[in-house]
Amino acid sequence: MKRSYYDWNFTTTNDYYSSQSLQDGSQRQPRGKMLGGSGSINDMIYSRGFPADYDDWASIVGEGWNWDNVLSYFKKTEYLTDERITINPDLASLHGFDGEIEVSGSTDSTFATDKFLEAFKELNFNIVQDMTNPNTIGAGRFSHTIKDGKRHSSLTALLNKASERNNLFVLKEAHVVKILVENETAYGVKVLLEGDEFIFYADKEIIMTAGTFNTAKLLLLSGIGPKEHLEEMGISVVKDLPVGENLHDHVMVLTYLAADNGTCDLDKNNVHMDTIRYLYDRSGSLVRTSDLGAYISYNEAANVPDFAIYPTCIYANSDFYVACLEILGFKASICEKIDSLNKDLEILSLAVVNLKPKSRGRVRLQSLDPLDPPLIYSGTFNDGSDLDYYPGAIETARSIASTSYFNSKNAFVVEFDIEQCNDFIDREYLECLAKATAMSAWHAVGTAAMGTVVDSELRVKGINGLRVADASVMPNVVRGNTNSPVVMIAEKAADYIKDYYKTLGYLNKN
């Protein structure tokens, strides 16, 4: 559903430095425009990050956010059924079995997954059974938030069940355009609904969960943000806070291999049959999504990954051209090269992702029109150290072509004619390639960060009655997909809210 009505269809602003092999030098930033948010259009990978990520947060805002504390909240919402993990008591002890969101997986595999794992093992990767295991890193298969072959999300697992409660009402097709604040207290929201403007008043407080881009935009429109930018836009300053700063994201560089037809054992007839199986009884390969990843660490003593490689197969003559243009946003010349090879060959897509970028961007208002998208300055590679390990990581991904099985299938690297890189060779060429083709891995965070914009209990600093509970509060991105950490943040927010109002006598202390 990316690039559809159900996507906010955000894009970054061209910085004329990075991503110049993308159309208009702009990165796609899909975000879910529906109940469940981006958890309703994501790839359903269950990933938490690593203990070092949360201990880093704790060093900023306190021990309530350290690994030991957040682990209990991950387990709270998790209903683990992944049989690869449940059979191992040590691994299972790190998971939850009583939560609402199913985390599933199977010992069944696919031919392509097995061949990629063989290749990673040949490249000396450790093969792990649980990709969320905080004690070891390597290559393995992810668990997914899938139940009975269907997406299991904060919407389907939680909100839909809560809809029968008499203290919840969800107003759909409503666009919040301003948080109303008086005497440093948030008291209501201004909403556009079917062309009319309404104001809804809060008895106790307002909780923002609009996401990294829309939360920042809404705070800025409400006069909460950097004084200089607000005054430049003609907005009265309610509170001078660094809203929109600290934007960062996992950077993704796609490397492609081409190989003989049949390399991944992908046959269109089998795909059609699996479609029938899925529709009939939710069986076959379509009950799974992207299955595999490999973590790379350049500091073995730290036992945390710096990069990840996510491989997928594209069967021959798959009409990849449109997705290449529309979803990934590459320029036509790159898509034409892949498509021409894909007429007769299978394409192996290897996403090489920097999991801990130091570069920072920002979000700003484009105008005072609340329906206009924000300006998103990605800041990709504005800290040059983010490029340091990219040549090695790309070489690791490319070396899959020389492993036994893929070499037997005549796999080779797909090279592109990128004008700004033609004068470089070896390491400098790969740095140039990374910079030119960099795109978002769609895990943007940090625009209302804990420590600078919100406090340790997610309350906006200096504003009573206003909290934020989404990816924007992460001071630093975790080393993994961000959906499950956002659910964890929301669970902690719920406890902060309940505990606060219990102390005031509003809620039953039991």
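Residues numbered from 1 in each chain as written. Predicted model: local features only at pLDDT ≥ 70, side-chain atom pairs only at ≥ 80, totals over all residues. Heavy atoms only, no water.

Novice: Hey, could you go over the overall build of the protein chain for me, with residue numbers and the actual values?
Specialist: Assigned secondary structure in the protein chain consists of 15 helices and 24 strands. Relative to its length of 510 residues, the protein chain is compact, with a C-alpha radius of gyration of 23 Å against a globular reference of 24 Å. The dimensions of the protein chain, computed from C-alpha atoms along their principal axes, are 70 × 50 × 50 Å. Across the 510 residues that make up the protein chain, the buried fraction comes to 52%. When contacts within the protein chain are restricted to residue pairs at least 6 apart in sequence, those whose partners lie at least 24 apart make up 69%. On the protein chain, roughly 22,900 Å² of surface is accessible, and the fraction owed to carbon and sulfur atoms is 48%. Between the centroid of the 48 positive side chains of the protein chain and the centroid of its 70 negative side chains there is a distance of 5 Å. (Helix = DSSP H or I, 4+ residues; strand = E, 2+ residues; numbered from the N terminus. Rg over C-alpha atoms; globule rule 2.2 N^0.38 Å. Buried < 20%, exposed > 50% of the residue type's maximum accessible area, 1.4 Å probe, protein only. Contact = heavy atoms within 4.5 Å. Areas by Shrake-Rupley, 256 points an atom, 1.4 Å probe, with all protein chains shown as cover. Lys, Arg positive; Asp, Glu negative; His and termini not counted. Charge placed at Lys NZ, Arg CZ, Asp CG, Glu CD.)

Novice: So what about the sheet that holds strand 12 (residues 196–201)? Which residues, and what values?
Specialist: The 3 strands lie next to each other as 10-11-12, forming an open sheet whose pairing is antiparallel. At either margin of the open sheet sits one strand with a lone partner, and together these are strand 10 (174–182) and strand 12. Pairwise comparison of adjacent strand axes, ignoring direction, gives a mean angle of 25° for this sheet. Relative to strand 12, strand 11 (residues 185–193) is paired through 6 bridges, and the arrangement is antiparallel. When the sheet's bridge partners are listed, Lys-190 is paired in strand 12 with Ile-199. (Pairing = 2+ DSSP bridges. Axes fitted to C-alpha atoms, helices over the stretch in contact; angles between N-to-C directions.)

Novice: So what about empty space enclosed by the protein? Which residues, and what values?
Specialist: Counted according to the given criterion, the structure contains 3 cavities of 30 Å³ or more. Classifying every residue of the lining of the largest cavity gives 7 nonpolar, 9 polar and 2 charged. Empty space within the second largest cavity amounts to approximately 50 Å³. Considering the residues around the second largest cavity, the lining is formed by Leu-254, Thr-255, Tyr-256, Arg-398, Val-414, Glu-415, Phe-416, Tyr-429 and Leu-433. Going through the elements one at a time, strand 16 (251–259) and helix 14 (426–437) are the ones with two or more residues in the lining of the second largest cavity. Looking at the lining of the second largest cavity, the element that brings in the most residues is strand 16, giving 3 residues. Residue classes in the lining of the second largest cavity are distributed as 6 nonpolar, 1 polar and 2 charged. (1 Å grid on protein atoms, 1.4 Å probe; cavity = no way out; pocket = protein on both sides within 12 Å on 5 of 7 lines; lining within 4 Å. Points joined across faces, edges and corners; volume = space filled by probe spheres on them. Nonpolar A, V, L, I, M, F, W, Y, C, P; charged D, E, K, R; others polar.)

Novice: Describe the packing of aromatic side chains, and please don't skip the residues or the numbers.
Specialist: Taken as a whole and judged by the stated rule, the model has 25 aromatic pairs. Here the aromatic rings of Phe-142 and Tyr-295 are separated by 6.5 Å at their centres, their planes lie at 80°, and the arrangement is edge-to-face. In this pair, Phe-142 sits in the loop between strand 6 (139–141) and strand 7 (143–144) while Tyr-295 sits in strand 17 (residues 292–296), placing the two residues 153 residues apart along the sequence. On the accessibility criterion, Phe-142 (1% relative accessible area) is buried. A centroid spacing of 5.3 Å and a plane angle of 75° characterise the contact between Tyr-405 and Phe-406, whose relative ring orientation is edge-to-face. Relative accessible area serves as the criterion here: at 15%, Tyr-405 is assigned to the buried category. For Phe-406, a relative accessible area of 1% corresponds to the buried category. (Phe/Tyr/Trp six-rings, centres within 6.5 Å; stacked < 30°, edge-to-face > 60°.)

Novice: I'd like to hear about a nonpolar patch on the surface, residue by residue, with values.
Specialist: A surface patch of nonpolar side chains, amounting to about 420 Å² of accessible area, comprises Phe-169, Leu-171, Phe-198 and Phe-200. With respect to the helices, strands and loops of the structure, Phe-200 is situated in strand 12. By relative accessible area, which is 37% here, Phe-200 ends up partly exposed. (Patch = residues over 30% accessible without salt bridge, like charges linked within 9 Å, V, L, I, M, F, W, Y side chains within 5 Å. Salt bridge = Lys/Arg side-chain N within 4 Å of Asp/Glu carboxyl O.)

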